[in-house]
Amino acid sequence: MSRIITLRDALNEAMSEEMRRDENVFLMGEEVAEYNGAYKVSKGMLDEFGARRVIDTPIAELGFAGIGVGAAINGLRPIVEFMTWNFAVLAFDQIVNNAAKTLSQSAGEYRCPIVFRGPSGAAGQLAQQHSQSFESWMANVPGLKVISIVDPKDAKGLLKSAIRDDDPICFMESEISYGLKGDVPEEEYLTPIGKAVIRKEGTDVTIVSYNKMTLVAEAAAEELAKEGISAELIDLRTIRPLDHKTLVESVKKTNRMVVVDESWPFAGVSAEIAYEIQKYAFDYLDAPVTRVNAADTSLHYAPTFVEEYMPNPEKVIKAVKDVMYVK
């Protein structure tokens, strides 16, 4: 059995179910308790679990991230919510220098089972300091796993898996997608970390995306289908570890790839995928791997800049036609 719920509710269910299952799991962050979360993701959790396990913090990301890391090393399983990953920049010392390195620095004696979660990417007219995508930033750090989701079913299954995982995990959501609805099973389930999913089978071109760019890719694929172009859609879901096998097997079938990535083009997720495909599937390519990224600049406030800056279905359609050498 399943039912239709929002991404927001899927995340709430994942955290609540894991907190009921394991008393070592707790949630902390700005406004997660009394206010039910900045985006209402933790609605009702304070009432059920109390102030010892759903903890409002000061506006001090470095401080409460450090508390979370210390708690994880000492046997607890914290979920640290950032109101946005843009604010997590303040906590990078704890994420990058402590959480990611605990296992190696302790010669395997200590692990750091912690989940850092919150929205990544642009959310409309929020300007330069609140519109950055952090998947490639975090995935560049050995010791961290990075998950980036938009589908409610995946969100619940992957967050539950992340909470149970013994490694530090950066869990990326989307501020403008919390109200997105999807079919979510009622029964207990886990979604494996490190496995991409094929959203739509196709034969002419592979379109790879993640987070809310999956929705952009889906819209482009619908329009392409009207012109007789069959696009295979892959949602990465996990950025690190990256599911190379699914990507390579798809290119062996379609012989073309377009990567839709909201992050900046230089040294981003799309750049890594392009490298991997040319390394492991070069002989199957009929065209160079093409990328559709955000503009290589900071995002300004004006709506005209936002429209020009962001990937959209029209840009994806053009990229697909370029790799297919059609007008």
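Just so we're clear, the structure is a prediction, and the values are computed from it rather than from any experiment.

1. Focus on the overall build of the protein chain
At step 1: Along the backbone of the protein chain there are twelve helices and 14 strands.
At step 2: On C-alpha atoms alone, the protein chain measures out to a radius of gyration of 20 Å, which is about the 20 Å that the 2.2 N^0.38 rule sets for 327 residues.
At step 3: Across its three principal axes, the protein chain shows a C-alpha extent of roughly 60 × 45 × 40 Å.
At step 4: Within the span of the protein chain, comprising 327 residues, buried residues form 56% of the whole.
At step 5: Long-range pairs, those at least 24 residues apart, make up 81% of the contacts in the protein chain between residues at least 6 apart in sequence.

2. Details of the sheet that holds strand β10 (residues 205-209)
At step 1: Here five strands make up an open sheet; going across it, the order is β9-β11-β10-β13-β14 and the pairing mixed. Each edge of the sheet is formed by a strand with only one pairing partner; in this case those strands are β9 (197-200) and β14 (290-293). Between one strand axis and the next, the sheet turns by 25 degrees as a mean value, whatever way the strands run.
At step 2: In this sheet, strand β11 (residues 231-235) lies alongside β10 in parallel orientation, the contact comprising five bridges. Paired with Val 208 across the strands is Ile 234, a residue of β11.

3. A look at the environment of Asn 86
At step 1: Tracing the chain through its elements places Asn 86 in the loop between β4 (77-81) and α4 (92-99).
At step 2: For the pair Asn 86 and Leu 233, spaced 147 residues apart in the sequence, the C-alpha separation amounts to 28 Å.
At step 3: Excluding residues that lie within four positions of it along the chain, Asn 86 makes contacts with Gln 129, His 130, Ser 131, Gln 132 and Phe 134.

4. Points about the side chain of Glu 232
At step 1: Assignment of secondary structure puts Glu 232 in strand β11.
At step 2: Separated by 3.0 Å, the side chain of Glu 232 and the backbone nitrogen of Gly 202 make a polar contact.
At step 3: Polar contacts involving the side chain of Glu 232 include one to the side chain of Ser 250, which spans 2.8 Å.
At step 4: Among all residues touching Glu 232, those that are not within four sequence positions of it are Ile 198, Lys 200, Glu 201, Gly 202, Val 205, Thr 206, Ile 207, Ser 250, Lys 253 and Thr 254.

5. What about the nonpolar core?
One broad trend across soluble globular proteins is that nonpolar side chains are buried collectively.
At step 1: With 46 residues, the main nonpolar core has Phe 82, Trp 85, Ile 95, Phe 116, Ile 273 and Ile 277 as its most contacted residues.
At step 2: Of all the secondary-structure elements, those providing two or more residues to this core are β2 (25-29), α3 (61-73), α4, α6 (135-139), β7 (169-173), α9 (244-254), β13 (257-261) and α10 (269-280).
At step 3: The greatest single-element share of this core, amounting to five residues, is contributed by α3.
At step 4: The contact partners of Phe 116, leaving out residues within four places of it in the chain, are Ala 65, Val 69, Val 80, Phe 82, Trp 85, Ile 95, Ala 99, Ile 169, Cys 170 and Phe 171.

6. Focus: the pairing of β11
At step 1: Burial analysis of β11 places five of its five residues in the buried class, which makes it a mostly covered element.
At step 2: Side-chain alternation along β11 places Ala 231, Leu 233 and Asp 235 on one buried face and Glu 232 and Ile 234 on a second face that is also buried.
At step 3: Pairing analysis gives three bridges linking β9 to β11, with the strands arranged antiparallel. Its bridge partner being in β11, Lys 200 is matched across the sheet by Leu 233.
At step 4: On the question of chirality, the crossover connecting β10 to the parallel β11 by way of helix α8 (residues 213-226) is right-handed.

7. Some points on the sheet that holds strand β12 (residues 238-240)
At step 1: The sheet built from seven strands is open, its strands ordered β3-β2-β4-β5-β7-β6-β12 with mixed pairing. Of all strands in the sheet, those bounded by a partner on one side alone are β3 (54-56) and β12. Neighbour-to-neighbour, the strand axes of this sheet turn through a mean angle of 20 degrees, independent of strand direction.
At step 2: The pairing of β2 with β3 spans three bridges and is classified as parallel. In the sheet register, Gly 29 faces β3, and the bridge partner there is Asp 56.
At step 3: Seen against the sheet, helix α7 (residues 152-164) touches β2, β4, β5 (115-119), β6 (145-148), β7 and β12 and runs at an angle of roughly 160 degrees to β7.

Conventions we followed
Numbering of residues begins from 1 in every chain and follows the order in which that chain's sequence is written. Under the rules for a predicted model, residues below a pLDDT of 70 receive no local features and side-chain atom pairs below 80 are neither given nor counted, while totals for whole chains, interfaces and linings still include all residues. Note that the side-chain values use all heavy atoms of the structure and ignore hydrogens as well as water. Helix and strand definitions follow DSSP, with helices as H or I runs of at least four residues and strands as E runs of at least two, each counted in order from the N terminus. Radius of gyration: over C-alpha atoms. The globule rule applied is 2.2 Å multiplied by the number of residues raised to the 0.38 power. The cut-offs for exposure are 20% and 50% of the maximum accessible area for each residue type, with area from a 1.4 Å probe on protein chains only; residues under the lower value are buried, those over the upper are exposed, and the others partly exposed. Whether two residues touch is decided by their heavy atoms; if any such pair falls within 4.5 Å, the residues are in contact. DSSP-based pairing: two strands are paired if at least 2 bridges between them are found. Lines fitted to C-alpha atoms define the axes here, with helix axes fitted over just the stretch in contact, and angles between the N-to-C directions of these axes take values from 0 to 180 degrees. Pairing of N or O atoms within 3.5 Å defines a polar contact, subject to two protein rules: one partner must be a possible hydrogen donor and the other a possible acceptor, and residues neighboring in sequence count only if both atoms are side-chain atoms. Side-chain atoms within 4.5 Å are what join buried Ala, Val, Leu, Ile, Met, Phe, Trp, Tyr and Cys residues into a set we call a nonpolar core. Here the term right-handed applies to a crossover when the path leading from its first strand over the helix to its second strand runs clockwise, the strands being oriented away from the viewer.

Nothing here speaks to function; it is all geometry.
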